[in-house]
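Observations on chain architecture
Each chain, written out:
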Amino acid sequence: MTAIVLKKGRVIDPSQHLDTERTVIIRDGRISGIYPPGDEPPVEEDVLEFNVDGLVVCPGFIDLHVHLRDPGEEWKEDIASGTLAAARGGFTTVVAMPNTIPPNDTPQVTAYIVRRAREVGHVRVVPAGRIVRADGTALSPFGEMVEAGACAFTDDGSWTSDAQLMERAMEYAKAFGVPLLSHPEEPALSCGGQINEGQMSLLLGLKGIPSQAEEVAVFRDIKLAELTGGHLHLQHISTKGSVELVKLAKEKGMKNITCEVTPHHFSLTEEAVEGFNTSAKVKPPLRTEDDRQALLLGLRDGTIDCIATDHAPHSELEKKREFNEAAFGISGLETALPLSLNLVRNGHISLSRLVELLSVNPARIISSRGGTLKPGAPADVTVFDPDLEWEVTPEALASRGKNTPFLGKKLRGRVVITIVEGRIVHSVLKV
Amino acid sequence: MSFPERGLIGIRALRREDIELILRTARSMKDISKRDVKKVPALRGKTVANLFFEPSTRTRTSFELAAKRLSADVVNFSPSGSSMAKGELMLDTVKNILAMNVDALVIRAKPEGACEFISQHVDVPVINAGDGMHEHPTQALLDALTMEEQFGTLDGLKVLIVGDILHSRVARSNIYLLKNFDIEIRVCGPPTLIPRGIESMGVKVFYHLQEALEGVNVIMMLRIQMERMQGGHFPSIHEYSKFWGLTAEILDRHAPPDAVVMHPGPLNRGVEITPDVADGARSVILYQVENGVAVRMAVLYLVVGGGR
Ligand SMILES: [Zn+2]
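Residues numbered from 1 in each chain as written. Chains lettered and ligands numbered in written order. Predicted model: local features only at pLDDT ≥ 70, side-chain atom pairs only at ≥ 80, totals over all residues. Heavy atoms only, no water.

**Points about the sheet that holds strand β10 (residues 180–182) of chain A**
Residue and element names in this part refer to chain A. Spatially, the eight strands line up as an open sheet ordered β6-β7-β8-β9-β10-β13-β14-β15, and their pairing is parallel. The open sheet has two edge strands, β6 (61–66) and β15 (306–307), and neither has a second partner. As paired elements, β6 and strand β7 (residues 91–96) share four bridges and run parallel to each other. Opposite F61, over in β7, you have F91 as the bridge partner. (Pairing = 2+ DSSP bridges. Helix = DSSP H or I, 4+ residues; strand = E, 2+ residues; numbered from the N terminus.)

**Observations concerning the side chain of B:E112**
Note on placement: B:E112 falls in the loop between β4 (104–109) and α4 (114–121). At 7.3 Å, B:R169 is the nearest oppositely charged side chain to B:E112, a buried residue that forms no salt bridge. Side-chain polar atoms of B:E112 contact the side chain of A:N324, separated by 2.8 Å. Not counting chain neighbours up to four residues away, the residues in contact with B:E112 comprise A:L204, A:G205, A:L206, A:F276, A:F323, A:N324, B:D131, B:G132, B:M133 and B:H134. (Buried < 20%, exposed > 50% of the residue type's maximum accessible area, 1.4 Å probe, protein only. Lys, Arg positive; Asp, Glu negative; His and termini not counted. Salt bridge = Lys/Arg side-chain N within 4 Å of Asp/Glu carboxyl O. Polar contact = N/O pair within 3.5 Å; in protein donor to acceptor, adjacent residues only side chain to side chain. Contact = heavy atoms within 4.5 Å.)

**Quick look at the domain arrangement of chain A**
Residues and elements named next belong to chain A. When the domains of chain A are assigned, the result is domain 1 (3–57 + 377–386 + 406–427) and domain 2 (60–365). On a C-alpha basis, the centres of domain 1 and domain 2 stand 28 Å from each other. Taken together, the contact between domain 1 and domain 2 spans 24 residues of the former and 26 residues of the latter. Across the domain 1 to domain 2 interface the summed buried area is about 2,100 Å²; carbon plus sulfur atoms make up 68%. Across the domain 1-domain 2 interface, the total number found is two salt bridges. Inspection of the region where domain 1 meets domain 2 yields seven residue pairs in polar contact (both at pLDDT 80 or more). Among the elements that make up the side of domain 1 that touches domain 2, the one with the highest residue count is strand β17 (residues 410–420) (eight residues). Split by residue class, the side of domain 1 that touches domain 2 holds 13 nonpolar, five polar and six charged. (Domains from an automatic or database assignment. Buried area = accessible area lost by both parts, 1.4 Å probe. Nonpolar A, V, L, I, M, F, W, Y, C, P; charged D, E, K, R; others polar.)

**Considerations on the domain arrangement of chain B**
All names here are of chain B. One can read the domain layout of chain B as domain 1 (7–135 + 289–304) and domain 2 (137–287). For domain 1 versus domain 2, the separation of C-alpha centres amounts to 25 Å. The interface of domain 1 with domain 2 comprises 34 residues on the first partner and 29 residues on the second. With both sides pooled, the region where domain 1 packs onto domain 2 buries about 2,500 Å², and carbon together with sulfur makes up 61% of that total. It is I11, R16 and M133 in domain 1 that bury the most area against domain 2; as a group they hold 23% of the surface buried on that side. Between domain 1 and domain 2 we count four salt bridges in total. In this structure, R16 and D155 form a salt bridge, with 2.9 Å as the shortest nitrogen-oxygen distance. Along the contact surface separating domain 1 from domain 2 lie 16 residue pairs in polar contact (both at pLDDT 80 or more).

Rendered as structure tokens:
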């Protein structure tokens, strides 16, 4: 196998406290070594050498929240197009949500996703299975699904509102060492809601979803995690109150609680839906500036563990229609890096913290072997130019889902090379 | 492009001078409606399509009459629920109608933002005849015309809106309109039917009708929808009318003697308003109906071409 040399990049790897100019050498799908420029050992075999001077080299990004829509809704996205979008966005591993058709509540569907990803995928896909079987009130077979390749369980798209089942799920999941990913939304408070309850719902007459619909769910889940000691990962938290609840739990020493935030929630507010803009229709809804500031603070102070895109591709069929009829969701894999870099540019976090949020921490949450450039680790590597400006156009996106409120906007920061287990899956750089 | 080129999607986008222009035009249209021959050739040769995706005989008739008095041709299209199953069909229907070369669309539809959505995809002006809980601009304009007729001016008035503010496009459009003038706006109803944070729109909130009536000039009663009971918004019609229904007794005791009573219709007699109030001396409900035609004539005239 050809070796890859990434020469003289700014290597940022928080897993080994590294942020300095280094050359990374990759052999046989693994990180072979990291060397100060000039000190590199000679490479005997065939070699692809990239001069990455001025670029950032870091462990590949890991997205804990992706809707690949495969099986069942391939007109929106499939494993091939979704993982190509992931590769373009610098993600080397994505966690596939189970709300497919059929839903992923059996080892057969899990195995299909794993096999299909091996055949046509561009990056590593690890499926998340459903917590509660779609056809009833029993748990999915966690054990068999973990054997088939599942890394977590979630009822994403809706909340596991039966507290007893969730309590059992948290207990049972401990046997297999997998986290439960919760989409916190009390449906009794959010039902029929279209956007955040607040200024925009007043102005447009659209039914609102109050912050409290999320927060009561966050609170219950934290209490169940306290009761069971199971690993609870809260998905896409969007409100100031949720950040406060997680912070409080962590201050009490609960190590079994983690959470994620999406780039659209820390970048935009409810005002993005002005003019009934369906590309900004998403669950949880875009909130207020006050909430956004709380998310920024949480990203900075460690309350928030990672950035996940909640990549939710839809076609025009679902989005180009009246607001109430339009689907919830934003296509996010390819804009995550530039939006996250805005956090660095605006002084909220360091580049090293950014890599923690996009790679090191999500790896830890699903016990992935990625998230590090330590010698011997799988060579999942992302190289990006933090300043390269590009315009978000339908053609620029590999995802079938062009449903993003950033369409037509110029963003700064672009992935130039993505390497998965020593294979170059995306590159705009010449050797 | 905004009013009148794009049509009339909502009051929110209008400036005070737009509103005054429409009201001024409406006043001159009223004269036409009082003539022996109630017709002027202003829109001769133009075609207006009334698309009512949600049934409303009253508003549709008012728009139809308005267009005919301006000599426009009118096509009415009221698809039944079954033939209009889903959302993208609405746009298809609109495009079908447009292929017949119509000059303006008057649209009533259930989803909020439907008129905005359609106007983004067609190149003729769209007039919103009510979209869900969003806006009902011509209703607010006819209400303003009625208030102005009663009191000579809008500035300085105190206007009270009573009932289901939460689900009401009439309330929302009225608030947007009245905010352009020096008007104290009050809303009153059960707290479950008043949107949280509505104070930020510049209105005062009351839960007790008697209190809310003190010193007002205009009392606008909204229709209460029986379905709201199922949602737990109030326990019974009986209790609703006891606390928020307008009776002659409450009106006489708590409102100033010159206050007028309005209602956008259709009325639930005995629920939000008793018959003696609806038909009483202070009721201007039938003037509202009359002014509806005049306001819609004005809007059509300004939007469809004659006014430019
Ligand atoms: Zn979700």
